[in-house]
Amino acid sequence: MPVSKSVGARIKRREDPRLIQGLAQYVDDIQLPGTLHVAVLRSPYGHAHVRGIDTSAASEHPGVVAVVTGDDLKDNIGAIPCATTDPEGFPGIQVPDHPVLAHGKVRFVGEPVAAVVADSSYAARDAAELIEVDYDPLDAVNSSEAALADGAPLLHEQFGSNQAFTWAIAGGDIDDAFAQADRVVKQRFNHQRLVPNPLETRGVVAQFQPGDGKLTVWSSTQIPHLLRTQLSVILNRPEQLVQVIAPEVGGGFGCKLNVYAEEALVGYLAIQLKRPVKWIESRRENFLHTIHGRDQVGDVEIPVKNDGTILGLKYTVEADVGAYYQLLTPAIPTLTGLMLCGCYRFQNVSMELTAAFTNKMATDAYRGAGRPEATYLIERMLDCVAHDLDMDPLEVRRRNFIGKDEFPFETGTAVAYDSGDYEIALNKALRKIDYEGFRKEQADAREQGRYLGIGFSTYVEICGMGPSAAMPAGGWESGTVRVDPTGKVTVLTGVSPHGQGQETTFAQLIADGLGVDIDDVRIIHGDTEAVQYGIGTFGSRATAVGGTAMVMAMEKIKEKAVNIAAHLLESNPQDIVVDDGKYGVKGSPDQGVTLAEISMAAHGGVNLPPDTEPGMAATHFFEPSNFTYPFGTHIAIVEVDADTGEVDVLRYIAVDDCGQIINPLIVEGQIHGGIAQGLGQALYEEAIYDESGQMLTGTFMDYALPKAHNFPRFELDNTVTPSPVNPMGVKGVGEAGTIGSTPSIVNAVVDALKPFGVRHIDMPLRPEKLWKLMQG
Amino acid sequence: MNVEVTINGERNSHDVEPRLLLVHYLRDVVGLTGTHVGCETSLCGACTVMLDGQAVKSCTLLAVQAHGAEITTIEGLAENGELHPVQEGFWECHGLQCGFCTPGMIIAAHQLLQRNSRPTEAQIRRGIEGNLCRCTGYQHIVDAVQYAARKMRS
């Protein structure tokens, strides 16, 4: 697509005026008359039989309208769904029933047990404390290792073990690679469990209209249409009588790409009570009962030649998936498998995964969703190879890079990288530092007892999700473009942005494409009654897939506009040019007609070319032919304080390639935020459960979300390698920063601590861990 | 108990439960939903408002503790339809993404600039450490505060 005046410009966001003035409407801001409030009573035990529940005192509490337990719901409401349980994909998969409210047994702290509905949130919480639950505590398991050990307490007794499923991928001949190797480099890696923590917790409001039987659900979700379909099944309501609205959504990062118990519960209660019902998640509940990310531990072996040539990679891994499956739980570690080869040429690869049920919240998609694990282990392993062969980490990378002329490149894991030039991104990043000078500074500093380190990450990731054949619930996206009679443009998109800025970037594309003022374009999303259907916002797909759908719909509109303009101007369509908002005849620009005049004619329905439908709207459903593969180089320079073990990130350089850029300001913001979350994992964040299944990191006091002073100013640059997968050449940028950044920090800290004989440290790199290593 | 407060220049008087949190009073009783609840434990700063000239976290204050006070919320920051320079800075510099932390972040930045009209980048980063943002990585927020500082000085 030709870049004209709007696309490519640093246009400030059109969603911001409402957000900076406190005028936006998030779920908790929806205040319907007569609303009832829900408090959920949750299991305080990691694992226990529920012998009985006495709700009598709660029921009598002033203001209480209803109290429900699992026994009340189990015959009236379906289970929480998981979309990825096909035994062909996951051999031996065990699929536990996942009730909305527990019955008989609880399997993690925070599992919903009962719900109180009252006329105020305070009364509901008071009454929930009056519910008496007779628990019979059981031994718990808090890791895959504990869960898979002989004699471990069983979460789901009917399966006979805690093994949830297995999964494997193989390409080339890994055994031959080991046979050809000069040596094998090995390392075990722990990808610790993380809590996504959007600043807005989850929340649901539901309203039932008994007259026509319609249920409206407002939920803080990334997937309003998929949620609508699922709720219609869980609640056994006809789908056309369910409306889901994602209002302003305060961050998601994957954790709102799901269907949760409370969404079904609140919908059910609204139908039963025929009153609006609201539930707003507390932060404590968010820590306990919104999905977690990562939680893999595994061994990597890399057969290499003495010159640093990597011959293959073998990954044997356990995933701790928690007590039940949420929507995509089993699929997440498979994304690790697809990206194991990183940006390197080797074709021999093997991953064998065993997933275990544990007494924890389910894992699922958290920013990057399986790909950060792949990037972390391959980029850490490259440094381990360099360490063991006494080579420079950059030399190892360059020796194994896929060349820029080799695209599309099919990896050993059978994904086809669309386009790339890994060397150029690395070179551009290196120009921002003086690598040799740094090595000298590092040596001098060590003489003085100061520990500086540099770390590289040359990453590639998979996004723009994706071809429907590779997705659990459709990978296409929809876009409708409508020109109103007065020439204003309304867009309906199936993606559901919640901070990514598509109200701006999509309007830029329309403004340029149709030749209208950007202020004359409105982007509507997140309402299943406005938008025909859509898949949603996740997997860095909104622009690559949703934007393309919209642009293709726009092209249909444009073709029609040109035809009508030619008719009005008594000319030929091929002679019509669009210039400065006017559709005119080549050579006589002052005689053109505006889109408003064209649309008025289209809506008048009289003065139209033959065989032209009246109206001015078009819809396109876009099915991508492949994923997209952004890439880049991140460099971290750190100092580890010898007295405290604290890591000071001195410089952070990121050169990212996300294909064509529509709005550099928004792209920078996405990369900044992505890096912050990657650095959060590397340095601070970890969800810890004790042996009884208690979560020890359930508040912002115990779970360290990064703060402003934890970071230096990130130094960004980019290369542009268009993707051939869509006509705009965009790739996606929502997750790249998180995927690319984590290993650069760990590599830098390991480099800093090399004088102490350190070869690897598991994340998070908290001061006490580093201080102990420095004490020898 | 009766609570009387002036909010964004308007006088309010309500009978409330003594335990009602100030943030719930502002949101649910007065109807000013621009102030958000992010953690209920005064750690995230989403609920920050100005109370008698001090930025406070309204999720850990009782409404009755604000009796007689003057409160400014995010809805009261713009004057005569003109955005406050801090609001303008957040817009110009892309200092927000999902927007949920933004009202509290803007109030905290406003307080910071009242106390120091020429903050360094390090002072800005320390000055907003009571407010969490999960989207931006803070860099554009720093830019926004610097923009506002320049604008307010000129």
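Refer to the structure presented above.
Quick look at the structure, then. (Residues numbered from 1 in each chain as written. Chains lettered and ligands numbered in written order. Predicted model: local features only at pLDDT ≥ 70, side-chain atom pairs only at ≥ 80, totals over all residues.)

## What about the overall build of chain A?
Secondary structure summary: chain A contains 20 helices and 28 strands in total. Taken over C-alpha atoms, the radius of gyration comes to 28 Å for chain A, in line with the 28 Å a tight globule of 776 residues would show. C-alpha atoms of chain A, sized along the principal axes, occupy 85 × 75 × 50 Å. In chain A, buried positions account for 58% of the 776 residues. When contacts within chain A are restricted to residue pairs at least 6 apart in sequence, those whose partners lie at least 24 apart make up 80%. (Helix = DSSP H or I, 4+ residues; strand = E, 2+ residues; numbered from the N terminus. Rg over C-alpha atoms; globule rule 2.2 N^0.38 Å. Buried ≥ 20, exposed ≤ 12 C-beta atoms within 10 Å, placed from the backbone. Contact = placed C-beta atoms within 7 Å.)

## A few points about helix 4 (residues 121-128) of chain A
Residue and element names in this part refer to chain A. Along helix 4, the residues that are buried comprise S121, A123, A124, A127 and A128. Along helix 4, the residues classed as buried sweep out an arc of 160 degrees about the axis, all on the same side. For helix 4, the secondary structure elements touched by its buried residues are strand 1 (36-42), helix 2 (56-60), strand 3 (64-69) and strand 5 (112-118). (Arc of directions from axis to C-beta.)

## Describing the nonpolar core
Residues and elements named next belong to chain A. Membership of the largest hydrophobic core comes to 296 residues, with the highest contact counts inside it found for V38, V116, I510 and V749. Here this core gets eleven residues from one element, more than from any other, and that element is helix 16 (residues 542-568). With near-sequence residues (within four places) excluded, V38 lies in contact with A115, V116, V117, A124, V266, L269, V277, K278 and W279. (Core = buried A, V, L, I, M, F, W, Y, C linked by C-beta atoms within 7 Å.)

## Description of the packing of helix 2 (residues 85-92) of chain B against helix 3 (residues 102-115) of chain B
Residues and elements named next belong to chain B. Running from N to C, helix 2 and helix 3 point in directions that differ by 125 degrees, and their axes come no closer than 9 Å. As far as their axial angle goes, helix 3 and helix 2 are oblique. For the crossing formed where helix 2 meets helix 3, the hand is right-handed. Contact residues: V86, Q87 and F90 in helix 2; T102, I106, A109, H110 and L113 in helix 3. (Axes fitted to C-alpha atoms, helices over the stretch in contact; angles between N-to-C directions. Parallel < 35°, antiparallel > 145°, perpendicular 65-115°, else oblique. Left-handed = near helix turned anticlockwise from the far one by under 90°.)

## Side note on helix 11 (residues 371-389) of chain A
All names here are of chain A. Over its 19 residues, helix 11 extends 27 Å from the first C-alpha to the last, a length consistent with the 27 Å expected when each residue adds 1.5 Å. With 16 of its 19 residues buried, helix 11 lies for the most part within the structure. Positioned one or two residues after helix 11, D390 has a phi angle of 55 degrees, which is positive. (Expected span 1.5 Å × (residues − 1).)

## Concerning the environment of D519(A)
All names here are of chain A. Mapped onto the elements of the fold, D519 is located in the loop between helix 15 (502-514) and strand 21 (521-524). The exposure class assigned to D519 is exposed, which follows from the 10 C-beta atoms found within 10 Å. Measuring from C-alpha to C-alpha, the distance between D519 and K488 comes to 8.8 Å, with 31 residues separating the pair along the chain.

## A look at the interface of chain B and chain A
Often, the extent of an interface is quoted as the loss of accessible area on bringing the components together. Taken together, the contacts link 43 residues of chain B with 40 residues of chain A. Going through the elements one at a time, helix 2, helix 3, helix 4 (121-127) and helix 5 (139-153) of chain B are the ones with two or more residues in the side of chain B that touches chain A. Taken together, the residues that form the side of chain B that touches chain A break down as 21 nonpolar, 15 polar and seven charged. (Nonpolar A, V, L, I, M, F, W, Y, C, P; charged D, E, K, R; others polar.)

## Remarks on the sheet that holds strand 1 (residues 2-7) of chain B
Residues and elements named next belong to chain B. The strand order 2-1-5-3-4 describes an open sheet built from five strands, whose pairing is mixed. The open sheet is flanked by strand 2 (10-15) and strand 4 (54-57), the only strands paired with a single partner. Neighbour-to-neighbour, the strand axes of the sheet open up by a mean angle of 35 degrees, direction not taken into account. Two strands pair when backbone bridges link them, and strand 3 (residues 48-51) and strand 5 (residues 70-72) are joined in this way by two bridges, in the antiparallel orientation. (Pairing = 2+ DSSP bridges.)

## A short note on the sheet that holds strand 14 (residues 312-322) of chain A
All names here are of chain A. An order of 7-15-14-13-8 is seen for the five strands of this open sheet, with the pairing classed as mixed. With partners counted over all chains shown, the strands left at the sheet margins are strand 7 (163-171) and strand 8 (183-191), one partner each. Each strand of the sheet is rotated relative to its neighbour by a mean of 10 degrees, with strand direction disregarded. As judged from the nine bridges shared by strand 8 and strand 13 (residues 296-304), these two strands associate in the antiparallel manner. Bridging across to strand 13, N190 finds its partner in V297.

## Description of unusual backbone geometry
With an omega dihedral of -25 degrees, the bond running from M465(A) to G466(A) counts as a cis peptide bond. With respect to the helices and strands, G466(A) occurs in the loop between strand 18 (451-460) and strand 19 (477-483). A cis amide bond links M763(A) with the next residue in sequence, P764(A), at an omega value of -5 degrees. Mapping P764(A) onto the fold places it in the loop between helix 19 (736-752) and helix 20 (767-774). Phi is positive for E570(A), which is not a glycine, with a value near 55 degrees. Structurally, the position occupied by E570(A) is in the loop between helix 16 and strand 22 (576-579). With 7 C-beta atoms counted inside 10 Å, the residue E570(A) sits in the exposed group. Positive phi, normally seen in glycine, also occurs at N80(B), with a value near 50 degrees. Examined against the element boundaries, N80(B) turns out to sit in the loop between strand 5 and helix 2. What makes N80(B) exposed here is the crowd of 4 C-beta atoms within 10 Å.

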